[in-house]
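This is what each chain is made of:
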Amino acid sequence: MGGTQKCKGRNQRWPYSLLVALLAMAQLSCGRGERLKAPALASPITRRSDEVTLPAQHRLRHRAAYPWEGVYSGSHLKITKEHLRCRGARHAPLKEGVGEDGAKFALFDCGGPRSHSLPCREGKEEVYPILLELLNWVQDKSGKRVIVTCGHRCPAHNTYSDPTTFNQTSKHLIGAEVDFYVQGLERQPEEVVALLLRYYEATPWYSGKSAYQTFHRYEKEDTNVSIPPWYNKEVFIKLYQPNEGRDLDNTHPYPYLSIQVRYDRARECPVTYTWKEAFRGYRRG
Ligand SMILES: [Zn+2]
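Small disclaimer: the values here were computed from a predicted structure and weren't measured.

1. Describing the environment of glutamate 133
Argument step 1. Mapped onto the elements, glutamate 133 comes out in helix H3 (residues 129-142).
Argument step 2. Considering only alpha carbons, one finds glutamate 133 and threonine 80, 53 residues apart in sequence, at a separation of 9.3 Å.
Argument step 3. For glutamate 133, the contacting residues outside a window of four places in its chain are Tyr199, Tyr206 and Arg265.

2. As for the side chain of aspartate 109
Argument step 1. Looking at the element boundaries, aspartate 109 is found in the loop between strand S4 (104-107) and strand S5 (116-121).
Argument step 2. No salt bridge is formed by the buried aspartate 109; its nearest oppositely charged neighbour, lysine 95, is found at 8.2 Å.
Argument step 3. Engagement of the side chain of aspartate 109 in a polar contact is seen with the backbone nitrogen of alanine 89, the distance being 3.0 Å.
Argument step 4. Side-chain polar atoms of aspartate 109 contact the side chain of histidine 157, separated by 2.7 Å.
Argument step 5. Sequence-distant contacts of aspartate 109, that is, excluding residues within four places in its chain, are made with Gly88, Ala89, Ala92, His157 and Tyr160.

3. Some remarks on unusual backbone geometry
Excluding glycine, most residues fall at negative phi; most peptide bonds, likewise, are trans.
Argument step 1. Non-glycine residue glutamate 122 carries a positive phi angle of around 50°.
Argument step 2. Backbone geometry at glutamate 268 places phi at a positive 55°, although glycine is not the residue there.
Argument step 3. Looking at where glutamate 268 falls in the secondary structure, it is placed in the loop between strand S13 (263-264) and strand S14 (269-270).

4. Topic: the packing of H3 against helix H5 (residues 189-202)
Argument step 1. It is the contact of H3 with H5, at a shortest axis distance of 10 Å, that shows an interaxial angle of 110°. It follows from the interaxial angle that H3 and H5 lie roughly perpendicular. Between H3 and H5 lies a crossing of right-handed hand. For the pair formed by H3 and H5, the contact residues are Ile130, Glu133, Leu134, Trp137, Val138, Lys141 and Ser142 on the first element and Val192, Leu195, Leu196, Arg198, Tyr199, Tyr200 and Ala202 on the second.

5. Re the coordination of the zinc ion
Argument step 1. Coordination of the zinc ion by the protein is provided by Cys86 (SG), Cys110 (SG), His116 (NE2) and Cys154 (SG), with metal-donor distances spanning 2.1 to 2.3 Å.
Argument step 2. Considering all 4 donor atoms around the zinc ion, angles at the metal cover 104 to 117° and the coordination shape is tetrahedral.
Argument step 3. Between the donor residues of the zinc ion, the gaps in sequence give the motif C-x23-C-x5-H-x37-C. Here histidine 116 lies in strand S5 and cysteine 86 lies in the loop between strand S2 (76-77) and strand S3 (95-98), a separation of 30 residues in the sequence.

6. Here we look at the pairing of strand S11 (residues 235-240)
For a regular strand, the rule is simple: side chains alternate between the two faces of the sheet.
Argument step 1. Burial of S11 is extensive: 6 of the 6 residues sit out of reach of the surface.
Argument step 2. Side-chain alternation along S11 places Val235, Ile237 and Leu239 on one buried face and Phe236, Lys238 and Tyr240 on a second face that is also buried.
Argument step 3. Sheet topology places strand S10 (residues 230-231) next to S11; 2 bridges connect them, and they run antiparallel. In the strand pairing of S11, tyrosine 231 is matched with phenylalanine 236.
Argument step 4. As consecutive antiparallel partners, S10 and S11 are separated by 3 residues.

Reading the values: rules and limits
Along each chain, residues carry numbers from 1 onward, in the same order as the chain's sequence is written. The model is predicted, so local features are restricted to residues of pLDDT at least 70 and side-chain atom pairs to those at 80 or more, both for listing and for counting; the totals for chains, interfaces and linings are taken over all residues. Excluding hydrogens and water, the side-chain figures rest on all heavy atoms present in the structure. Going along the chain from the N terminus, every DSSP run of H or I of four or more residues is numbered as a helix, and every run of E of two or more is numbered as a strand. Contacts: residue pairs with any heavy atoms within 4.5 Å of one another. Partly exposed describes any residue whose relative accessible area lies between the buried limit of under 20% and the exposed limit of over 50%, with all areas from a 1.4 Å probe on protein chains only and scaled to the type maximum. For the purpose of counting charges, residues Lys and Arg are taken to be positive, whereas Asp and Glu are taken to be negative. His and the chain ends are not included. When a carboxyl oxygen of Asp or Glu is within 4 Å of a side-chain nitrogen of Lys or Arg, the pair counts as a salt bridge. We call two N or O atoms a polar contact when they sit within 3.5 Å, provided that within protein one can donate a hydrogen and the other can accept it, with sequence-adjacent residues counted only if both atoms are side-chain atoms. Helix axes are fitted to C-alpha atoms over the stretch in contact, other axes to C-alpha atoms as well, and angles between N-to-C directions run from 0 to 180 degrees. Roughly parallel here means an angle under 35 degrees, roughly antiparallel means over 145, roughly perpendicular means 65 to 115, and every remaining angle is called oblique. Each crossing gets its handedness from the near helix: less than a right angle anticlockwise from the far helix is left-handed, clockwise is right-handed. For Na, K and Ca the donor cut-off is 3.2 Å, while for other metals it is 2.8 Å, and in both cases only N, O and S atoms qualify; water is not among them, so sites may look incomplete. Labels for metal geometry use angle windows, namely 85 to 135 degrees for all angles of a four-donor tetrahedral site, and for square planar (four donors) or octahedral (six donors) sites opposite donors over 155 degrees apart plus all others within 65 to 115; sites meeting none of these are irregular. One bridge is not enough; two strands pair if DSSP finds at least two bridges between them.

Interpretation note: all reported values are geometric properties and have no functional meaning in isolation.
Encoded structure:
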């Protein structure tokens, strides 16, 4: 009696129309399965069983470098002449200068790289290549970023940054001087000097050339630094203490280094400041 009631209850929970719908769905899914199992088309085999097809001969081709490759020294972007462009600012406020006779005059800044070029030699913009070689060497060997604070200065920006008489014949004016410090070695500039000197020991071109490999100390007191500079035939290296050499391009609180070029290795001639090169040696925009 109880069993009969159970069956009756089940029939009430699964109505006939629902069962029909489930069966229809099962049929449809079976139909899809049959379509998937349809045999794939095949091509007849036309070669003989003893034929062997060798793969074509391949030659290794090296891909061309992407534009961003080859532009690193160590893990940092290479220092190029672009880093040494004049840092004048068109909207810098006028400053007041005082001449040797006590007369006052207005000082104005240049418009920076948009208003003039780097120094031009033989028709091309150029800073002395040894400056870039040394900066990239430091960056490569230290693994730390070189921060260039001053490269080329046009006459207007040179006077605006540092109107002292001492600065008027600066080699910044002819693209033969750079000021910089190294991020992470801000307080150890002597380590950077040691790296610069090592460049001349490690670079094959200088091997056996004592005029380049031997550095001297400049002991005369006609410089604007208290630590005697280092020099060889090609460069003159100054180390500015935190209270020295503070011009508009070097307002940071760190000691910094300055490298001047003394000798042009490629053209085999001394590098000296000339008014003509400083004032006429670049293009104005
Ligand atoms: Zn300038």
